[in-house]
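Residues per chain, in single letters:
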Amino acid sequence: MGMIEWNKKEKEKYEKLLALFENSLKNSRDYRIGILQDIGYIAVSGTYYPDAETSHEAAVHLNVERAMRTPKELASELLENWRWQWYSQHPQVEFRDEYDNVRELDLDMPERYREEFFTELRQYQKRIGDILGENVSDL
């Protein structure tokens, strides 16, 4: 067993996406991106306790949420995390509880936040599209 080997172009895409969302990842308290041998990039959620007595206790509340096999899957995951952060930073934006995923919240965005949110979202989508070399308005 060895590490996943990506071609140079694919590896650059992963690295550029992680750089694009660097601040978002730094600001996440319960979300991380990592690499697992033979799997690739993974999304990990939960709380990490670096001061716990044992390494098991430190990581007891971490869950692997998703394995990303392509740069587009990583982009989708990173943009979803950005959305969650945007909503958590705007607690005055109220929504009903029955959503299957965070993208559904976009449809019910209150009018007074639409321009700010969608401008920033489109900027991320454009930059992701530039990195991937494809239209990603569906993310």
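In this section: the side chain of Glu 77. For Glu 77, the location among the structural elements is in helix α4 (residues 71–89). Among all residues touching Glu 77, those that are not within four sequence positions of it are Tyr 31, Ala 43, Arg 66 and Met 68.

This structure, assessed with the given rule, holds nine aromatic pairs. Ring geometry for Tyr 14 versus Tyr 41: centroids 4.7 Å apart, planes at 25 degrees, classification stacked. You can see Tyr 14 sitting in helix α1 (residues 8–20) and its partner Tyr 41 sitting in strand β2 (residues 40–47), a full 27 residues away along the chain. On the basis of relative accessibility, which here comes to 0%, the residue Tyr 14 falls in the buried class. Among the aromatic residues, ring-to-ring pairing joins Phe 21, Trp 82, Trp 86, Tyr 87, Tyr 113, Phe 117, Phe 118 and Tyr 124 into one connected group.

What follows covers the layout of surface pockets. Within this model, the largest pocket holds a volume of roughly 420 Å³. Forming the walls of the largest pocket are 15 residues, and the residues nearest its centre are Asp 30, Tyr 31, Asn 81, Trp 84 and Gln 85. Looking at the lining of the largest pocket, the elements that each hand over two or more residues are β3 (61–68) and α4. For the lining of the largest pocket, the element with the highest residue contribution is α4, accounting for seven residues.

How each quantity is defined
- Residues numbered from 1 in each chain as written.
- Predicted model: local features only at pLDDT ≥ 70, side-chain atom pairs only at ≥ 80, totals over all residues.
- Heavy atoms only, no water.
- Helix = DSSP H or I, 4+ residues; strand = E, 2+ residues; numbered from the N terminus.
- Contact = heavy atoms within 4.5 Å.
- Phe/Tyr/Trp six-rings, centres within 6.5 Å; stacked < 30°, edge-to-face > 60°.
- Buried < 20%, exposed > 50% of the residue type's maximum accessible area, 1.4 Å probe, protein only.
- 1 Å grid on protein atoms, 1.4 Å probe; cavity = no way out; pocket = protein on both sides within 12 Å on 5 of 7 lines; lining within 4 Å.
- Points joined across faces, edges and corners; volume = space filled by probe spheres on them.

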